[in-house]
Amino acid sequence: MQGIAALQPYLIAAFLVWAALLKLLDRRMRSQAGQTALARLVGSARAIPTFRLIGLVELAVAAALLAPPALPAEGAAATALSIGFLGYLTYSSLATPTSSCGCLGAHAQPVNWRAFTRAGLLLAMSVTAVWATPFRPDTLLVLLGAAEAVALLGLSPELDRHWLRPLRQFLVRLRRPLAVPPPQDVPLETSLRLLYLSPAYCTASAHLTSDVQDVWDEDVHRFASYAAAGGRTAIFAIPLSGDDPAAVRVALVDEPAAA
């Protein structure tokens with residue numbers, strides 16, 4: 001437990017420095033600060049100075065966490081800051097549910113469950129940091145720290161444009177959801193549903209004397225045959241791609257006379 005507690009100040013400090021630098025240096029904050037929940041809380045004119053003040057407080061807490069020796073007051077300060085984050089997120093979700101919080105610079109993401117989970121994780125880490133002792137590197141602790149860092153990054157919607165969107169684009173290219181599926185991947189029920197909605201079937205249905213007798217695939221069509229009045233066969237051509245019933249075609253074929 002002491003090893004885990006000793007690791008927390010470094011992780012919290014890294015996150016606070018990151019958040020502070022984005023508030024202080026992100027040029028987009030000047031134009032987008034008025035669209036955040038903080039602007040409604042303190043007024044649009046005071047939004048940017050308040051963000052800068054919060055950034056300075058975050059830098060001060062981060063410096064205290066990194067400076068030896070490890071003191072309970074440093075973890076307590078981080079805990080108070082995390083509680084303030086949670087309170088601000090609660091206000092944001094209730095007062096301006098469509099506004100961003102501006103926690104990590106300018107972005108358009110509204111407050112959601114990920115932001116609350118991130119703040120909750122920071123609170124848990126801060127409470128643990130109250131019992132921090134000098135950190136002694138250990139493989140297990142390094143892995144734990146890496147997992148916590150990845151969790152904080154994954155819970156930050158501000159970073160979605162850097163990893164989540166490229167990942168989704170890669171999966172779309174990999175899965176090719178709009179590509180024409182192979183014939184064997186198109187269920188027969190899907191083809192028959194399209195057939196029964198088609199004008200071709202509505203026109204020919206009065207002449208049909210059986211249910212579907214045979215089904216086969218050729219190129220980009222699925223063919224279905226039915227017995228029809230007068231000893232004929234109705235053959236429907238159903239496209240394997242698309243969902244337009246008007247694309248279905250029908251032909252009435254005379255059966256060859258018996259020898």
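Residues numbered from 1 in each chain as written. Predicted model: local features only at pLDDT ≥ 70, side-chain atom pairs only at ≥ 80, totals over all residues. Heavy atoms only, no water.

Let's talk about the packing of aromatic side chains
And step 1. Enumeration over the complete set of coordinates arrives at six aromatic pairs.
And step 2. Aromatic side chains Phe15 and Trp18 sit 5.6 Å apart centroid to centroid with 90° between the ring planes, which places their arrangement in the edge-to-face category. In this pair, Phe15 and Trp18 are both assigned in helix H1 (residues 2-25), three residues apart and thus about one turn of the helix distant.
And step 3. Among the aromatic residues, ring-to-ring pairing joins Tyr196, Tyr201, Tyr226 and Phe236 into one connected group. (Phe/Tyr/Trp six-rings, centres within 6.5 Å; stacked < 30°, edge-to-face > 60°. Helix = DSSP H or I, 4+ residues; strand = E, 2+ residues; numbered from the N terminus.)

Remarks on the pairing of strand S1 (residues 214-218)
And step 1. In this sheet, strand S2 (residues 221-228) lies alongside S1 in antiparallel orientation, the contact comprising five bridges. Counterpart to Glu218 in the pairing with S2 is His221.
And step 2. Here S1 hands over to S2 after two residues, with Asp219 in that stretch at a positive phi of 55°. (Pairing = 2+ DSSP bridges.)

A short note on unusual backbone geometry
And step 1. A cis amide bond links Pro68 with the next residue in sequence, Pro69, at an omega value of -5°.
And step 2. Of note, Pro69 is situated in the loop between helix H4 (44-66) and helix H5 (72-95).
And step 3. If you check the backbone angles, Asp219 has positive phi at about 55° while not being a glycine.
And step 4. Residue class for Asp219 comes out exposed when judged on its relative accessible area of 72%. (Buried < 20%, exposed > 50% of the residue type's maximum accessible area, 1.4 Å probe, protein only.)

Observations concerning the pairing of S2
And step 1. The element S2 is extensively covered by neighbouring structure, given that seven of its eight residues are classed as buried.
And step 2. Linking S2 to strand S3 (residues 232-239), which pair antiparallel, is a turn of three residues; within it Gly230 sits at a positive phi near 80°.

Things to note about the sheet that holds strand S4 (residues 249-254)
And step 1. Taken in spatial order, the four strands make up an open sheet running S1-S2-S3-S4, and their pairing is antiparallel. At either margin of the open sheet sits one strand with a lone partner, and together these are S1 and S4. Between one strand axis and the next, the sheet turns by 25° as a mean value, whatever way the strands run. (Axes fitted to C-alpha atoms, helices over the stretch in contact; angles between N-to-C directions.)

Quick word on helix H7 (residues 139-154)
And step 1. With 16 residues, H7 extends 22 Å between its outermost C-alpha atoms, agreeing within 8% with the 22 Å of an ideal straight helix rising 1.5 Å per residue.
And step 2. All buried positions along H7 are accounted for by Leu141, Gly145, Glu148 and Leu152. Each buried residue of H7 lies within a common arc of 60° when the element is viewed along its axis, so the set occupies one face. Of the exposed residues in H7, those oriented more than 90 degrees away from the buried face are Thr139, Leu140, Leu143 and Val150. (Expected span 1.5 Å × (residues − 1). Arc of directions from axis to C-beta.)

Re the nonpolar core
And step 1. Counting 18 residues, the largest nonpolar core has Ile12, Leu16, Val61 and Leu65 as the members making the most contacts within it.
And step 2. Ignoring any residue separated from it by four or fewer positions in sequence, one finds Leu16 in contact with Glu58, Val61, Ala62, Leu65, Leu81 and Phe85.
And step 3. Ala37, Leu38, Val111 and Ala115 belong to the second-largest nonpolar core, a separate cluster that totals 15 residues. (Core = buried A, V, L, I, M, F, W, Y, C linked by side-chain atoms within 4.5 Å. Contact = heavy atoms within 4.5 Å.)

Re a nonpolar patch on the surface
And step 1. A contiguous nonpolar surface patch, about 400 Å² in accessible area, is contributed by Trp163, Leu167, Phe170 and Leu174.
And step 2. Within the fold, Leu174 resides in helix H8 (residues 160-175). (Patch = residues over 30% accessible without salt bridge, like charges linked within 9 Å, V, L, I, M, F, W, Y side chains within 5 Å. Areas by Shrake-Rupley, 256 points an atom, 1.4 Å probe, with all protein chains shown as cover. Salt bridge = Lys/Arg side-chain N within 4 Å of Asp/Glu carboxyl O.)

The values are spatial; any link to function lies outside them.
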